[in-house]
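Here are the chains, one letter per residue:
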Amino acid sequence: MTARPFRPRRSVLYVPASNDRALAKLARLDCDAVILDLEDAVAPDDKAAARERLRDLFAEARPGCETVVRINALSSAWGTEDLLAARGMRPDAILLPKVESARDIADAAEALDETDAPAGLRLWAMVETPRAVLRLDDLAEHAREPHSRLDCLVAGTNDLVKDTGIEPGPDRRHLVPWLMQIVLAARAGGLDALDGVSNDFRDTAAFAAECAAGRAMGFDGKTLIHPAQIAPANAAFAPSQSALAEARAVVEAFAGPHNAGRGVVVLEGRMVERLHLEQAERLLAKAARIAEAGS
Ligand code: COA
Ligand code: MG
């Protein structure tokens, strides 16, 4: 498993490929990534036209942020044509819906390899069915293969709720065990993990709380449905000022001449080990990358 370079993915906005007004907004949005959607957000009768609209969009003005195209499942009537069209658009990644096993990822990867798609074209996977959650370890193992294109797991919470019949409950408490499994599998496979969407885009307080919970669960960012959700997600998934101050203190503690070569030091009455140094350095690097990316 090779370490992937860090890319901020705090705010990842779904944009229906059939919505001209939404597509026209892309250049002005401050999200880290967009998912141009050909799947759930596009009605069956609009699928072909939406695909053509995306082709035009990529030909005329590619969005400046990381760009992902969500295709229909390869098993559907539109999937294969979507995959070939998306490959031609040269997005950063293609998002596969309803993934149920590593086989689904391998099938898409093989189809891309057959068209000599560049290795840099990544695959993202929606985890949104009961079988996908049960087979997360399979996805993580696949991601560890040397030439795997898999890059990111995306929680599809609306479909998970639909397929399981659960009521998420306060603080999504009945979804949390599966969300945590997604984060765990992502870490095992060296992948990013994105939290599911909040449908109630007018409830800003609930959204902020859900972002904070997602971050505490270890997600790298959140998938969004509305531009109003971008700024709060960017804030919530960036390292906080207090976390950065603490990280700097840890780095300074180990840098002091009296601590050179020590495995463990005491900082304000707390034990700090070299693993904390590593964690602090990673957090500072993440903050630097976010600053570089310009927000
Ligand atoms: N991406 C880009 N722009 C968006 C947007 C999105 N996801 N959602 C809304 N906008 C734009 C609207 O087009 C509107 O622009 P306009 O003033 O130029 O018309 C502006 O933001 C304000 O939108 P608003 O009126 O508040 O919402 P709406 O009623 O137009 O749209 C939704 C509400 C939920 C239908 C819309 O946000 C949406 O389609 N979201 C994505 C749904 C999706 O992709 N689902 C699949 C994955 S879960
Ligand atoms: Mg879905």
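Quick caveat, the model's predicted, so the values are computed rather than measured.

Q: Explain the pattern of salt bridges residue by residue, including any values.
A: According to the stated counting rule, one finds 31 salt bridges in the structure shown. When salt bridges that share partners are traced, they join Asp37, Glu39, Asp40, Arg70, Lys98, Glu128, Asp159, Lys162 and Asp163 into one network.

Q: Could you give me a rundown of the site of ligand 1, with the residues and numbers involved?
A: In the vicinity of ligand 1 there are 15 residues, among which Tyr14, Arg21, Lys25, Ile225 and His226 approach most closely. One of the side-chain nitrogen or oxygen atoms of Arg202 is found 3.4 Å away from an oxygen atom of ligand 1. Its free accessible area being 890 Å², ligand 1 has 66% of it covered by the protein chains. Ranked by the residues each element gives to the shell around ligand 1, the list is headed by strand β1 (residues 11-16), at four residues. Residues that form the shell around ligand 1 fall into these classes: nine nonpolar, one polar and five charged.

Q: Could you give an account of the side chain of Ser148, naming the residues involved and the relevant values?
A: Along the chain, the position of Ser148 falls in the loop between α6 (136-144) and β6 (150-155). The residues touching Ser148, leaving out its near neighbours within four places in the chain, are Arg122, His142 and Ala143.

Q: Describe in detail unusual backbone geometry, supporting the description with residues and values.
A: Located in the positive-phi region is Arg172, a residue other than glycine, with phi close to 55 degrees. Structurally, the position occupied by Arg172 is in the loop between α7 (157-164) and α8 (176-189). Phi at Glu268 is positive, roughly 45 degrees, even though this residue is not glycine. Within the fold, Glu268 resides in the loop between β9 (264-267) and β10 (270-273).

Q: Which residues make up the sheet that holds strand β2 (residues 33-37), and what values do they have?
A: The eight strands are arranged β1-β2-β3-β4-β5-β6-β7-β8 in a closed barrel whose pairing can be described as parallel. Strand-to-strand, the axes of this sheet are offset by a mean angle of 25 degrees, without reference to chain direction. Where helix α4 (residues 102-114) meets the sheet, it contacts β4 (93-96), β5 (122-127) and β6, and its direction lies at approximately 155 degrees from that of β5.

Q: An account of the packing of aromatic side chains is needed here, citing residue identities and associated values.
A: What the rule picks out here adds up to zero aromatic pairs. Above the face of the Trp78 ring, Lys47 is positioned so that its terminal group lies 5.0 Å from the ring centre.

Q: Which residues make up the domain arrangement of the protein chain, and what values do they have?
A: Here the domain parsing of the protein chain yields domain 1 (11-237) and domain 2 (241-293). For domain 1 versus domain 2, the distance between C-alpha centres works out to 33 Å.

Q: Tell me what's going on with the layout of surface pockets, and back it up with residues and numbers.
A: Each pocket or cavity is described by its volume, and for the largest pocket that value is around 1200 Å³. Around the largest pocket, the lining comprises 39 residues; the ones closest to its centre are Asp220, Gln279, Arg282, Leu283 and Lys286. Put simply, the parts of the chain that give the lining of the largest pocket at least two residues each are α8, α9 (204-217), α11 (241-255), β10 and α12 (274-293). When residues in the lining of the largest pocket are grouped by element, the largest group, eight residues, is from α12. Of the residues assigned to the lining of the largest pocket, the class counts are 21 nonpolar, six polar and twelve charged.

Q: Outline the environment of Lys162, listing residues and values.
A: You can see Lys162 is positioned in helix α7. Relative accessible area serves as the criterion here: at 59%, Lys162 is assigned to the exposed category. At a separation of 3.0 Å, a polar atom in the side chain of Lys162 contacts the side chain of Asp163.

Q: Any chance you could break down the packing of α6 against α8 for me, citing the residues and the numbers?
A: In contact at an axis separation of 8 Å, α6 and α8 are set at 20 degrees when each is read in the N-to-C sense. The angle between the axes of α6 and α8 places the two elements in the roughly parallel class. Between α6 and α8 lies a crossing whose hand is right-handed. Of α8, the residues touching α6 (which contributes Leu136, Ala140, Ala143 and Arg144) are Gln181, Ile182, Ala185, Ala188 and Gly189. In terms of residue class, the contact of α6 with α8 is built from six nonpolar, two polar and one charged.

Q: Lay out the coordination of the magnesium ion (ligand 2) in plain terms, naming residues and giving numbers.
A: Here the magnesium ion (ligand 2) is held by Asp40 (OD), Glu128 (OE) and Asp159 (OD), and the distances to it run 2.0 to 2.6 Å. Every donor residue of the magnesium ion (ligand 2) comes from the same chain, spaced as D-x87-E-x30-D. Of this pair, Asp40 sits in the loop between β2 and α2 (47-60) while Asp159 is found in helix α7, placing the two residues 119 residues apart along the sequence. Residue class for Asp159 comes out buried when judged on its relative accessible area of 10%.

Q: I'd like to hear about the side chain of Glu210, residue by residue, with values.
A: Take Glu210: it is sitting in helix α9. Given a relative accessible area of 18%, Glu210 falls into the buried group. Within the structure, Glu210 has its side chain in polar contact with the side chain of Ser198 (distance 2.6 Å). One polar contact links Glu210 to Lys222, side chain to side chain, over a distance of 2.9 Å. Setting aside residues no more than four positions away along its own chain, Glu210 makes contact with Arg172, Asp195, Val197, Ser198 and Lys222.

Quick notes on the rules
- Residues numbered from 1 in each chain as written.
- Chains lettered and ligands numbered in written order.
- Predicted model: local features only at pLDDT ≥ 70, side-chain atom pairs only at ≥ 80, totals over all residues.
- Heavy atoms only, no water.
- Salt bridge = Lys/Arg side-chain N within 4 Å of Asp/Glu carboxyl O.
- Near = heavy atom within 4 Å.
- Polar contact = N/O pair within 3.5 Å; in protein donor to acceptor, adjacent residues only side chain to side chain.
- Areas by Shrake-Rupley, 256 points an atom, 1.4 Å probe, with all protein chains shown as cover.
- Helix = DSSP H or I, 4+ residues; strand = E, 2+ residues; numbered from the N terminus.
- Nonpolar A, V, L, I, M, F, W, Y, C, P; charged D, E, K, R; others polar.
- Contact = heavy atoms within 4.5 Å.
- Pairing = 2+ DSSP bridges.
- Axes fitted to C-alpha atoms, helices over the stretch in contact; angles between N-to-C directions.
- Phe/Tyr/Trp six-rings, centres within 6.5 Å; stacked < 30°, edge-to-face > 60°.
- Lys NZ or Arg CZ within 6 Å of the ring centre and 35° of its normal.
- Domains from an automatic or database assignment.
- 1 Å grid on protein atoms, 1.4 Å probe; cavity = no way out; pocket = protein on both sides within 12 Å on 5 of 7 lines; lining within 4 Å.
- Points joined across faces, edges and corners; volume = space filled by probe spheres on them.
- Buried < 20%, exposed > 50% of the residue type's maximum accessible area, 1.4 Å probe, protein only.
- Parallel < 35°, antiparallel > 145°, perpendicular 65-115°, else oblique.
- Left-handed = near helix turned anticlockwise from the far one by under 90°.
- Donors = N, O, S within 2.8 Å, 3.2 Å for Na, K, Ca; no water.

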